[in-house]
Amino acid sequence: QVQLVESGGGLVQAGGSLRLSCVASGSIFSISSMAWHRQAPGKERELVAAIMRGGSTNYADSVKGRFTISRDNAKNTAYLQMNSLQPEDTAVYYCSMAVYGGNFDWQSYWGPGTQVTVSS
């Protein structure tokens, strides 16, 4: 079994920055993709950013130039540096990872989420 835990959320003023972290633990041979998603009240969950094991990334148009996703493969950790935060970035942020646990078994895991609130 694999567990993901996010941290780093909180309350910040518009224009401020936060750095989210997501650590995976458990039976892990390898992690392919790591991604951050968010869900604002009354809205559907959306992909914010993703990074592959080799380092290639993609971002939602709404966060390009402001957010940066990175990963530390040795620590099974994903990061999301969020700069120039705006009230519309307020949401619960979730981490997901595609994990290889051995025996040809790939599974996608999700963390419980961390709240990010941006005040105007």
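Described below are features of the structure shown in this document.

Cut-offs and rules
- Residues numbered from 1 in each chain as written.
- Predicted model: local features only at pLDDT ≥ 70, side-chain atom pairs only at ≥ 80, totals over all residues.
- Heavy atoms only, no water.
- Disulfide = S-S within 2.5 Å.
- Helix = DSSP H or I, 4+ residues; strand = E, 2+ residues; numbered from the N terminus.
- Buried < 20%, exposed > 50% of the residue type's maximum accessible area, 1.4 Å probe, protein only.

1. Quick word on the state of the cysteines
In step 1: On inspection of all chains with the given rule, the structure shows 1 disulfide.
In step 2: Disulfide partner of Cys22: Cys95, at an S-S distance of 2.2 Å. Taking the torsion about the S-S bond as the criterion, the Cys22 to Cys95 disulfide, at about -85°, is left-handed. Note that Cys22 is positioned in strand β3 (residues 18–26) and Cys95 in strand β9 (residues 91–100), a separation of 73 residues in sequence.
In step 3: With relative accessibility at 0%, the residue Cys22 sits in the buried group.

2. Considerations on unusual backbone geometry
For residues other than glycine, phi is negative in most cases, and the peptide bonds are mostly trans.
In step 1: Of note in this structure, Asn76 is not a glycine but carries a positive phi near 50°.
In step 2: Relative to the helices and strands, Asn76 is located in the loop between β7 (67–72) and β8 (77–82).
In step 3: Exposure remark for Asn76: the relative accessible area of 22% places this residue in the partly exposed category.

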